[in-house]
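Each chain is listed here by its residues.
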Amino acid sequence: MDVRAQSKEAGWRMAAYTGIGLFTLFSALPFYVMLITAFKRESDLYDPQNNPFWFTEAPTMANLDLLFGNTKFLTWLLNSFLVGALVVIITLVLVIPAAYSLARLAGRWGETLGIGIFLTYLVPPTLLFLPFAKVMAFLGLQNSLWALVVAYPTFTVPFCTWLMLGFFKAIPRDIEEQAMVDGYGRLGAFVYAVLPLAVPGILTVVVFAFTLSTSEFIYALAFVQNSVQKTVSIGVPSELVRGDVFRWGSLLAGALIASIPVSILYTLFIDQFVAGLTALAK
């Protein structure tokens, strides 16, 4: 009986490892294709008889030379990081007090208001960029990164407020009450008792806000035309596509390089990110 149990356990473990391995392979395949394509020659890339997953001809650096030498790719990267960092700061400043107020001070209307705020996130940008264009013209922010800094919180704040609302509701009220009994006011209890427990949720908001703002396309296309002011999400496709000519090697090289910082961000905060999502699920 023990042998059967051990055999069954080994079978389940092998099945689990096989499933994890296949999922890992499936997840890594796009990055592998981008990496291979970034170093492929055009004659190798466009020949349907060649192996798409390996080099039939010798690798080349021409695609990277085009990306870094003939475009402002490094400037686009810096612009993306600048916009992403500013949007994250604005989002945190607005979201944390808003979500805490809805969770603790709004009473029975808090959850309803939170859902109402989240519903504004579902309005597609394709309906909003025209009225936003008038707002940016009125503010004098046309063709400027500041237009993106103003526009992006309109979709990061509603979504992240809804996220943080769940995190704050998961924190027991007894913790705040004990802090207030010890002499802290409402603000002191929030800063010293609640915020440390909300760190997983805050990091989740940081990751979501940064990812959403650096990958956004519609607003960046509508508000920024000067090449120096573009972000990666709009600079790479607009500068490396000319009519029906697609510079696939340089396009995928740019996509791969731009995805590395986001991947590092997820890797560094994966434990807090999973803990935050788990708390939200509760």
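Residues numbered from 1 in each chain as written. Predicted model: local features only at pLDDT ≥ 70, side-chain atom pairs only at ≥ 80, totals over all residues. Heavy atoms only, no water.

K.L.:
Just to check I follow, could you spell out the overall build of the protein chain for this structure?
P.N.:
Each helix and strand in the protein chain was counted, giving 15 helices and two strands. Taking 19 Å as the expected radius of gyration for a compact globule of 282 residues, we find that the protein chain reaches 24 Å, considerably beyond that expectation. Seen through its C-alpha atoms, the protein chain measures out along the principal axes to roughly 80 × 75 × 30 Å. A total of 282 residues make up the protein chain; the buried ones form 35% of that total. Here the protein chain displays about 16,200 Å² of accessible surface, and carbon together with sulfur accounts for 70% of that area. (Helix = DSSP H or I, 4+ residues; strand = E, 2+ residues; numbered from the N terminus. Rg over C-alpha atoms; globule rule 2.2 N^0.38 Å. Buried < 20%, exposed > 50% of the residue type's maximum accessible area, 1.4 Å probe, protein only. Areas by Shrake-Rupley, 256 points an atom, 1.4 Å probe, with all protein chains shown as cover.)

K.L.:
Where do I start with the environment of V228 in this structure?
P.N.:
Considering the arrangement of structural elements, one finds V228 in the loop between α12 (218-223) and α13 (232-239). Since its relative accessible area comes to 38%, V228 is described here as partly exposed. C-alpha separation for the pair V228 and P158, spaced 70 residues apart in sequence, amounts to 30 Å.

K.L.:
Explain the UniProt feature "transmembrane region" (unreviewed entry) in the protein chain here, please?
P.N.:
UniProt records the feature "transmembrane region" (unreviewed entry) at residues 14-39, 73-100, 112-133, 145-168, 189-212 and 248-269, using the numbering of this structure. Span residues 145-168 is 96% helix and 0% strand, its end C-alpha atoms 33 Å apart. (UniProt positions renumbered as here; feature names shortened; annotations may be inferred.)

K.L.:
For this particular structure, what's the right way to read the layout of surface pockets?
P.N.:
In this structure, the largest pocket encloses a volume near 220 Å³. In terms of lining residues, the largest pocket is bounded by 13 residues, among which T214, S215, V232, A258 and V262 are the most central. Looking at the lining of the largest pocket, the elements that each hand over two or more residues are α4 (73-105), α11 (199-215), α13 and α14 (248-268). (1 Å grid on protein atoms, 1.4 Å probe; cavity = no way out; pocket = protein on both sides within 12 Å on 5 of 7 lines; lining within 4 Å. Points joined across faces, edges and corners; volume = space filled by probe spheres on them.)

K.L.:
Please explain the nonpolar core as it appears in this structure.
P.N.:
Generally speaking, nonpolar side chains in soluble globular proteins are found buried as a group. Among the nonpolar cores identified, the biggest contains 27 residues, and C160, M164, F168, F190 and V194 are the most heavily contacted of them. Those elements that place two or more of their residues in this core are α4, α8 (153-170), α10 (186-194), α11 and α14. Here the element with the most residues in this core is α8; it accounts for eight residues. Excluding anything up to four places from it in sequence, F168 contacts I96, A99, Y100, A103, R104, F190, V194 and A198. Grouped together as the second largest cluster of nonpolar side chains are 17 residues, F132, L145, A147 and L148 included. (Core = buried A, V, L, I, M, F, W, Y, C linked by side-chain atoms within 4.5 Å. Contact = heavy atoms within 4.5 Å.)

K.L.:
Help me understand the domain arrangement of the protein chain, please; the structure alone is not making it clear to me.
P.N.:
Domain parsing of the protein chain yields domain 1 (3-59) and domain 2 (62-281). Taken over C-alpha atoms, the centre of domain 1 sits 31 Å from the centre of domain 2. On the side of domain 2, twelve residues touch domain 1, which itself brings ten residues to the contact. When the two sides are added together, the surface that domain 1 and domain 2 hide from each other amounts to roughly 830 Å², 67% of it contributed by carbon and sulfur. When the buried area of domain 1 at its contact with domain 2 is split by residue, F31, M34 and A38 rank highest and sum to 49% of it. Linking domain 1 with domain 2 are one salt bridge. For the interface between domain 1 and domain 2, the tally reads three residue pairs in polar contact (both at pLDDT 80 or more). For the side of domain 1 that touches domain 2, the secondary structure elements donating two or more residues are α1 (2-38) and α2 (42-45). Of the residues forming the side of domain 1 that touches domain 2, the biggest block, five residues, is contributed by α1. Counted by class, the side of domain 1 that touches domain 2 contains seven nonpolar, one polar and two charged residues. (Domains from an automatic or database assignment. Buried area = accessible area lost by both parts, 1.4 Å probe. Salt bridge = Lys/Arg side-chain N within 4 Å of Asp/Glu carboxyl O. Polar contact = N/O pair within 3.5 Å; in protein donor to acceptor, adjacent residues only side chain to side chain. Nonpolar A, V, L, I, M, F, W, Y, C, P; charged D, E, K, R; others polar.)

K.L.:
Honestly, a nonpolar patch on the surface in this entry has me stumped. Any pointers?
P.N.:
Together, L29, Y32, F53 and W54 give the surface a local cluster of nonpolar side chains, amounting to about 400 Å² of exposed area. Within the fold, L29 resides in helix α1. The class of L29 is partly exposed, set by a relative accessible area of 36%. (Patch = residues over 30% accessible without salt bridge, like charges linked within 9 Å, V, L, I, M, F, W, Y side chains within 5 Å.)

K.L.:
So what exactly am I meant to see when it comes to unusual backbone geometry here?
P.N.:
Working note: non-glycine residues mostly have negative phi, and peptide bonds are mostly trans. Despite not being glycine, N143 shows a phi value in the positive range, around 55°. Locating N143 in the fold gives a position in the loop between α6 (125-139) and α7 (145-151).

K.L.:
Help me out: how do you make sense of the packing of α4 against α13 in this one?
P.N.:
Any two packed helices are characterised by how steeply their axes cross, that is the angle between the axes, and by the distance between the axes. Running from amino to carboxyl end, α4 crosses α13 at an angle of 155°, the nearest separation of the two axes being 8 Å. By the criterion of interaxial angle, the relationship of α4 to α13 is roughly antiparallel. When α4 is examined against α13, the residues F73, W76, L77 and S80 are found in contact with a partner set consisting of V232, G235, V236 and E239. Partitioning the contact of α4 with α13 into residue classes produces five nonpolar, two polar and one charged. (Axes fitted to C-alpha atoms, helices over the stretch in contact; angles between N-to-C directions. Parallel < 35°, antiparallel > 145°, perpendicular 65-115°, else oblique.)

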